[in-house]
Amino acid sequence: MSGSLPDARRVLIVGAHPDDPDFFCAGTVARWTDAGVVVRYVVVTSGDKGQPPEWDRPEGFTQVREAEQEASARLLGVEGVTFLRFTDGEVFDTLELRERLTAEIRRFRPDLLLTHDPLTRLYRQHPDHRAVGAAALAAAFPSCRLATFFPQHLAQGLRPHVVPRVLLFGTDRPDTFVDIAPVFERKLAALRLHATQVGAFPGGLETRLRRRAEEAGRPAGLALAEAFLAVDLE
Ligand SMILES: [Zn+2]
């Protein structure tokens, strides 16, 4: 049924910056955790480039962004967040990033992975999103399933793992639509916890989120949705 929740038991969401998993998927995440699905986030950078020039709090900016991401993940019932702490704005699809993501997949063993669409033609796109999407896809296929990729993982107890399916967010070719009308307020509440970022949305956070969700749902006849491109890796 259009708008129904994609089937999964363990979901790993790989985003470039704190707030990306929530911005693109919080509604779907809330529905999954309500249904007993285990969800975990991997966030590649800690958002250091978002620091305002007037920052004068005693805590470091990235500490605050990580705490915001942890609070919003808690609100959504996410099991936990792993921060890889790459430098914001300087992420490339490197072997190092593929290795780190392969290790996270082998550790958590998801049956569904979500990440940025690296090939979207939405050109107004943060370059970190493309790089993270490309590296996460490379980790999901074929790296994590073959012991010959990063064989040092075996000594750390990280065995090969098959990820059967990926959903890409931030895509211009969506084919999978999740109805988020029942959980839209929770998505909004999760994004509001990213207090250092809320000011970055022109026209206000709620208006922006609502407009995006309306646009995402239109092709499927849904009032408010999140949209993904499904990739079968089996
Ligand atoms: Zn981002």
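Residues numbered from 1 in each chain as written. Predicted model: local features only at pLDDT ≥ 70, side-chain atom pairs only at ≥ 80, totals over all residues. Heavy atoms only, no water.

- In the annotation of an unreviewed UniProt entry, the entry for the chain reads PIG-L family deacetylase, and the organism field reads Thermalbibacter longus.

**Topic: the environment of R40**
- Relative to the helices and strands, R40 is located in strand β2 (residues 38-45).
- Sequence-wise, R40 and C25 are 15 residues apart; in three dimensions their C-alpha atoms are separated by 12 Å.
- The contact partners of R40, leaving out residues within four places of it in the chain, are V11, L12, I13, V78, E79, G80, V81, T82 and F108. (Helix = DSSP H or I, 4+ residues; strand = E, 2+ residues; numbered from the N terminus. Contact = heavy atoms within 4.5 Å.)

**Looking at the coordination of the zinc ion**
- At 2.1 to 2.4 Å from the zinc ion lie its protein donor atoms, namely H17 (ND1), D20 (OD), D20 (OD) and H129 (NE2).
- Here the zinc ion binds four donor atoms, and the angle range of 56 to 134 degrees at the metal identifies the geometry as irregular.
- On the primary sequence, the residues serving as donors to the zinc ion are separated as H-x2-D-x108-H. No difference in accessibility class separates H17 from D20, as the two residues are buried. (Donors = N, O, S within 2.8 Å, 3.2 Å for Na, K, Ca; no water. Tetrahedral: all angles 85-135°; square planar, octahedral: opposite > 155°, others 65-115°. Buried < 20%, exposed > 50% of the residue type's maximum accessible area, 1.4 Å probe, protein only.)

**Here's the deal with the layout of surface pockets**
- Reported here for the largest pocket is a volume of approximately 1,100 Å³.
- F23, F24, H129, R208 and R212 are the residues nearest the centre of the largest pocket, which is lined by 37 residues in total.
- Elements with a contribution of two residues or more to the lining of the largest pocket: α1 (20-34), α6 (184-192), α8 (205-217) and β7 (225-232).
- The element that contributes the greatest number of residues to the lining of the largest pocket is α8, accounting for seven residues. (1 Å grid on protein atoms, 1.4 Å probe; cavity = no way out; pocket = protein on both sides within 12 Å on 5 of 7 lines; lining within 4 Å. Points joined across faces, edges and corners; volume = space filled by probe spheres on them.)

**Brief notes about the nonpolar core**
- Counting 35 residues, the largest nonpolar core has V11, I13, W32, V39, Y41 and L114 as the members making the most contacts within it.
- Listed by contribution, the elements that provide at least two residues to this core are β1 (10-15), α1, β2, β3 (80-86), β4 (112-116), β5 (165-169), α6 and α8.
- Top element by residues in this core is α1. It accounts for seven residues.
- With near-sequence residues (within four places) excluded, L114 lies in contact with V11, L12, I13, V14, C25, W32, L167, F169 and F228. (Core = buried A, V, L, I, M, F, W, Y, C linked by side-chain atoms within 4.5 Å.)

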